[in-house]
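Geometric and topological summary
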Amino acid sequence: MNQLNNPTAQAVDNVLIYIFGFSLILLLGITAVSVYFVVKYRRSKYPEPTSDVEGSWFLETLWTVLPIIIVLTMFWYGWTNYVGLREIPADAMEVKGTARMWSWVFEYPDGRKESKLYVPVNKPVKVELYSVDVLHSFFVPAFRIKRDTVPGMESYVWFQAPEAGSYDIFCAEYCGVGHADMTTSVEVLSEEDFERWSQASDESGGEPRGLVVLNEQGCIGCHSLDGSENIGPTLFELSGTPRQIERDGQTIEITIDEDYLQRAIRDPAVELTKGFDPMMPAYDEGTISNDDLQAVVDYLLGKVVVTPAAPSGSRLLEVNGCTGCHSSDGSEEIAPTFKGIGQREVTIEADGKEITLQVDAEYLRRALLEPNTEIVKGFAPMMPAADYLSAEEIDAIIEHLLQQ
Ligand code: CUA
């Protein structure tokens, strides 16, 4: 996705157009004059070389001073816009972006880590750039920002997105076999979506989406969740419950199911629960999207299992970049695949000897913390030790891997 009305893209594009425009004018002008002289002073007309050049102080001065002025305006325009790219607006939100072979991780001030860069719309964002291994380059074409990440050195970029959407992030510095796959995205969210995103402690934890929607839309104001009847019927234990409804002036009994609940939200006045007044507004797609409607219905029918916000192994593997090298589909271009790793025998090389062993929790722990002491045969010792993970996180990863 592309957009041009953001400050960093404008700064870069304006300078580019200015310099390119002058270059084009000069190219066309010089070419035209050359062609004119070639034709005018062709050999058939002037067989003998002639010269009647008389100096002109006026012309000499003009074509010395004019190019100096043009070049200096190019410099000035470029410099002021470059300074704009390096000066961070005072209200910028800060995110730490770390590159490593071959993925990105973004860390928020509250410690939350993500493999995509989630930001709110219309807010300047400063990305502090680091690398843990080799040179990479953080490149977001939509915002015209590109900056190398250098091991041992901090650098930064900033941008501000005026529209919500998803924008590509690339690594623009060749960094090894996984370089071309080192892509992710900036996810620009509306203010409300970003607020919701910030509050969800973890994708797998937090409140189920259906309940979030019920709260947001004020449904709970009339419908209780605990079985007590209120202005509207309770939403407690709906699945498979028989219910008397009035439709076309007749009372009929139906069993509550997915279809009924969807109709009851989209068009509540058509089938009215007996004993209640037709006062609920209809919620169309503009108010509750189809996805959210499904989430609400699933929640009401008890199909959503609320999981505690424990660190999930698969998520840890993703945000810590493991999946940048280890595939889950069996392909092994860079590193051993995670597919079936829990039931596998591996041949490893340690102290110059080859040993075959069954993958178990202890082996995985060693492979995480001292990855280069026992190398799986056929692979290079290039994995960084995962010693930045907490003991709990390592346990969660091991448990997850053993189930693969
Ligand atoms: Cu990282 Cu190329």
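You'll find the structure just up there.
Since the structure is predicted, the reported quantities are computational estimates derived from the model, not experimental observations.

Focus on the overall build of the protein
Along the protein, the regular secondary structure elements total nine helices and 16 strands. Oriented by its inertia axes, the alpha-carbon framework of the protein measures out at about 110 × 75 × 45 Å. In the protein, which comprises 404 residues, the share counted as buried stands at 36%. Accessible surface, the protein as shown: approximately 23600 Å² in total, 57% of it carbon and sulfur. Treating the 30 positive side-chain charges of the protein as one cloud and the 62 negative ones as another, the clouds have centres 7 Å apart.

With respect to the side chain of His-326
One can find His-326 in the loop between helix 7 (313-319) and strand 14 (345-350). The class of His-326 is buried, set by a relative accessible area of 15%. Of the polar contacts made by the side chain of His-326, one reaches the backbone oxygen of Pro-336; its length is 2.7 Å. Beyond its immediate chain neighbours, meaning those up to four positions away, His-326 contacts Ala-335, Pro-336, Phe-338 and Met-383.

Regarding the sheet that holds strand 13 (residues 272-273)
Pairing is antiparallel in the open sheet, where three strands are placed in the order 12-11-13. In this open sheet, the two edge strands, each paired with only one partner strand, are strand 12 (250-255) and strand 13. Note: strand 11 (residues 242-247) against strand 12, six bridges, orientation antiparallel. Following the sheet pairing, Pro-242 is matched in strand 12 by Thr-255.

A look at a nonpolar patch on the surface
A contiguous nonpolar patch, built from Phe-58, Leu-59, Leu-62, Trp-63, Val-65, Leu-66 and Ile-69 and spanning about 700 Å² of accessible area, is present on the exposed surface. As for its position among the elements, Trp-63 is in helix 2 (residues 57-86).

Comments concerning the nonpolar core
If you look at the biggest cluster of nonpolar residues, it comprises 35 residues, and the most contacted ones within it are Phe-106, Leu-117, Val-127, Phe-138, Phe-159 and Val-186. Looking at which domains feed residues into this core, each of domain 2 (93-198) and domain 4 (313-402) supplies at least three.

About the cut-offs
- Residues numbered from 1 in each chain as written.
- Predicted model: local features only at pLDDT ≥ 70, side-chain atom pairs only at ≥ 80, totals over all residues.
- Heavy atoms only, no water.
- Helix = DSSP H or I, 4+ residues; strand = E, 2+ residues; numbered from the N terminus.
- Buried < 20%, exposed > 50% of the residue type's maximum accessible area, 1.4 Å probe, protein only.
- Areas by Shrake-Rupley, 256 points an atom, 1.4 Å probe, with all protein chains shown as cover.
- Lys, Arg positive; Asp, Glu negative; His and termini not counted.
- Charge placed at Lys NZ, Arg CZ, Asp CG, Glu CD.
- Polar contact = N/O pair within 3.5 Å; in protein donor to acceptor, adjacent residues only side chain to side chain.
- Contact = heavy atoms within 4.5 Å.
- Pairing = 2+ DSSP bridges.
- Patch = residues over 30% accessible without salt bridge, like charges linked within 9 Å, V, L, I, M, F, W, Y side chains within 5 Å.
- Salt bridge = Lys/Arg side-chain N within 4 Å of Asp/Glu carboxyl O.
- Core = buried A, V, L, I, M, F, W, Y, C linked by side-chain atoms within 4.5 Å.
- Domains from an automatic or database assignment.

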